[in-house]
Amino acid sequence: MLPKDVMLTAQKEFVDWNKHGTSVMEISHRSPDYLEVAHQAEQDLRDLMDISDDYAVLFMHGGGRGQFAAVPMNILPQNATADYVLTGSWSKSALTEAQKFGKINVAANCHTENGLGSVLPQSQWQLSKDAAYVHYCPNETVDGIEFDFVPEVDKPLVADMSSCILSRDIDVSKFGVIYAGAQKNIGPSGLAIAIVRKDLLGKARENTPSIFDYSLQLKHESMFNTPPTYAWYLAGLVFKWLKKQGGVKAIEQTNIAKAELLYNFIDQNDFYQSKVETRYRSRMNVPFYLMDESLNTAFLSESKAQGLLALKGHRSVGGMRASIYNAMPLEGVQALVDFMQDFANKHG
Ligand SMILES: *Cc1c(COP(=O)(O)O)cnc(C)c1O
């Protein structure tokens, strides 16, 4: 979901933006008014994440998966190796895409601890000596596994933060590349943000499509071609909204409270279970299972009737999943917990 306030602002400005008599999506991306929107969004993101001038902030096409290809095209030289850490379905997809571009070493595979989803301890990773970079996914959206640490590696660290960007305080200077598809914590789909340390620029393969070339996009301020202007504008509204909430540190506290509310309920209720080790439970995506899975259909239809949407788990893992991104208020999680309690009473 997007923040209600942002949706209302967008609605109010939809046909007449800034007293222009047009929508923001109808004006040229090269007009001074749009450039102002674009620059302000970048600046607000830099403020929110405390991104230094050592990094380029790019607004790109093609979502998260576009970046699965853009990363190796830009920073994996021909015949070089990259290390990929697997923890779930998105890091696996990133690996599959990267394998099209070069030699990829699986430094760590998906891991369980006592049957619960987990992360292989870093001491057991098989990192290669000469990797061009180390890629991982700090929050596995489908599996609900989130790192509670930033890996310490002596190579550029690349992170797919599609489902956790802006949800918790991070030290950007520990990363070579951070990227994120926009549609989970930032704005509408289609847009991707890439935050690239500038010393990694200028190494793209010759056959890299121009729109995916980080250096070229930086040179053109992410406007080598027409960017997804309306998505960029909405992302800017979300950044402003987040600043108004007190920024990343403040929303992180809300996110902790939301996650605790839901996990505590699941743990204390023998009607439901989590299948992720406590330490690695995601604050953004909470997969859970009914002990009696024959009630899944009833759970989904009754929750939907209560206005609780999108609770069906990903088809690859089944069960349920509550995605509680930044825009989800604590009251939304409380409403889910109340429903789950009622459902357990009724069917237990
Ligand atoms: C959603 C998601 C993606 C894919 O994003 P698209 O914009 O659909 O390509 C990639 N990585 C993670 C972690 C995601 O959650």
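Computed from a prediction, not measured in an experiment: that's the story for all the values here. (Residues numbered from 1 in each chain as written. Predicted model: local features only at pLDDT ≥ 70, side-chain atom pairs only at ≥ 80, totals over all residues. Heavy atoms only, no water.)

Draft legend 1. Fine view of the pattern of salt bridges. Scanning the entire structure with this criterion turns up 13 salt bridges. As a salt-bridge pair, Arg168 and Glu146 come within 2.9 Å of each other at their nearest N and O atoms. Of this pair, Arg168 sits in the loop between strand E9 (157–160) and strand E10 (177–181) while Glu146 sits in strand E8 (residues 145–146), and the two are 22 residues apart along the sequence. Exposure class is identical for Arg168 and Glu146. Each is buried. One salt bridge in this structure joins Asp267 and Arg281, with 2.9 Å as the shortest N-O distance. With Asp267 in helix H7 (residues 247–268) and Arg281 in the loop between strand E12 (272–273) and strand E13 (285–290), the pair connects residues that are 14 residues apart, well separated along the chain. Overall, Asp267 belongs to the partly exposed group, its relative accessible area being 47%. Since its relative accessible area comes to 14%, Arg281 is described here as buried. One salt-bridge network, held together by shared partners, links Asp44, Asp47, Lys240 and Lys243. (Salt bridge = Lys/Arg side-chain N within 4 Å of Asp/Glu carboxyl O. Helix = DSSP H or I, 4+ residues; strand = E, 2+ residues; numbered from the N terminus. Buried < 20%, exposed > 50% of the residue type's maximum accessible area, 1.4 Å probe, protein only.)

Draft legend 2. Focus on the packing of helix H8 (residues 296–305) against helix H9 (residues 330–347). Interaxial distance between H8 and H9 falls to 11 Å at its minimum, and their mutual angle equals 130°. Put simply, H8 runs oblique to H9. In the packing of H8 onto H9, the handedness of the crossing is right-handed. Taken together, the residues of H9 that come into contact with H8 (itself represented by Ala298, Phe299, Glu302 and Ser303) are Phe339, Met340, Phe343, Lys346 and His347. (Axes fitted to C-alpha atoms, helices over the stretch in contact; angles between N-to-C directions. Parallel < 35°, antiparallel > 145°, perpendicular 65-115°, else oblique. Left-handed = near helix turned anticlockwise from the far one by under 90°. Contact = heavy atoms within 4.5 Å.)

Draft legend 3. Structural detail: the sheet that holds E13. One open sheet holds the 3 strands; their spatial order is E12-E13-E14, and the pairing between them is antiparallel. Whereas interior strands pair on both sides, the edge strands pair on one side only; in this sheet they are E12 and strand E14 (320–323). Here E13 runs beside E14; their pairing, made up of 4 bridges, is antiparallel. Paired with Asn285 across the strands is Ser323, a residue of E14. (Pairing = 2+ DSSP bridges.)

Draft legend 4. Examining the packing of helix H2 (residues 32–49) against helix H6 (residues 229–244) more closely. Put simply, H2 and H6 touch, their axes get as near as 9 Å, and they point 40° apart. It follows that H2 is oblique to H6 by the angle criterion. Handedness of the crossing formed by H2 with H6: left-handed. For the pair formed by H2 and H6, the contact residues are Tyr34, Val37, Ala38, Gln40, Ala41, Asp44, Leu45, Asp47 and Leu48 on the first element and Thr229, Trp232, Tyr233, Gly236, Phe239, Lys240, Leu242 and Lys243 on the second. Here the contact of H2 with H6 is composed, by residue class, of 10 nonpolar, 3 polar and 4 charged. (Nonpolar A, V, L, I, M, F, W, Y, C, P; charged D, E, K, R; others polar.)

Draft legend 5. Quick peek at the site of the ligand. Neighbouring residues of the ligand: 13 residues in total, closest Arg65, Thr141, Asp160, Gln183 and Lys184. Between the ligand and the protein, one listed contact pairs an oxygen atom with a backbone N or O atom of Arg65 at 2.8 Å. Between the ligand and the protein, one listed contact pairs an oxygen atom with a side-chain N or O atom of Trp90 at 3.5 Å. Isolated, the ligand exposes 390 Å² of accessible area, and the fraction of that covered by the protein chains is 87%. Here the element with the most residues in the shell around the ligand is helix H3 (residues 63–75); it accounts for 4 residues. (Near = heavy atom within 4 Å. Polar contact = N/O pair within 3.5 Å; in protein donor to acceptor, adjacent residues only side chain to side chain. Areas by Shrake-Rupley, 256 points an atom, 1.4 Å probe, with all protein chains shown as cover.)

Draft legend 6. Focus on H9. Taking 1.5 Å per residue, 18 residues should reach 26 Å; H9 reaches 26 Å between its end C-alpha atoms and fits that length. The complete set of buried residues in H9 reads Val333, Leu336, Val337, Phe339, Met340, Phe343 and Ala344. Relative to the axis of H9, the buried residues are bounded by an arc of 160° and lie together on one face. Residues of H9 that are exposed and angled more than 90 degrees away from the buried face: Glu331, Asn345 and Lys346. In this structure, the buried side of H9 is in contact with H7, E12, E13, H8 and E14. (Expected span 1.5 Å × (residues − 1). Arc of directions from axis to C-beta.)

Draft legend 7. Seen up close, the packing of aromatic side chains. Within this structure, the stated rule accounts for 19 aromatic pairs. Aromatic side chains Phe271 and Phe343 sit 6.1 Å apart centroid to centroid with 75° between the ring planes, which places their arrangement in the edge-to-face category. One end of the pair, Phe271, is in the loop between H7 and E12; the other, Phe343, is in helix H9, and 72 residues separate them in sequence. Pair check on accessibility: Phe271 and Phe343 agree, each one buried. On the basis of an interplanar angle of 80° and a centroid distance of 5.1 Å, the ring pair of Phe299 and Phe343 is categorised as edge-to-face. Taken together, the residues Phe299 in helix H8 and Phe343 in helix H9 connect sequence positions 44 residues apart. For the pair Phe299 and Phe343, one class covers both residues: buried. Members of the aromatic cluster, connected to one another through ring pairs, are Phe265, Phe271, Tyr272, Phe288, Phe299, Phe339 and Phe343. The cationic tip of Lys275 hangs over the ring face of Tyr289; the distance from NZ or CZ to the ring centre is 3.9 Å. (Phe/Tyr/Trp six-rings, centres within 6.5 Å; stacked < 30°, edge-to-face > 60°. Lys NZ or Arg CZ within 6 Å of the ring centre and 35° of its normal.)

Draft legend 8. Spatial organisation of the sheet that holds strand E11 (residues 191–197). Pairing in this open sheet of 7 strands is mixed, and the strands run E1-E11-E10-E9-E6-E2-E3 from one edge to the other. Strands with a single pairing partner mark the edges of an open sheet, and in this sheet they are strand E1 (55–61) and strand E3 (103–108). With direction set aside, neighbouring strand axes in the sheet form an average angle of 20°. Pairing analysis gives 5 bridges linking E10 to E11, with the strands arranged antiparallel. Its bridge partner being in E11, Val177 is matched across the sheet by Val196. Packing of helix H4 (residues 89–98) onto the sheet brings it into contact with strand E2 (81–85), E3, strand E6 (131–136), E9 and E10, and relative to E2 it is tilted by some 165°.

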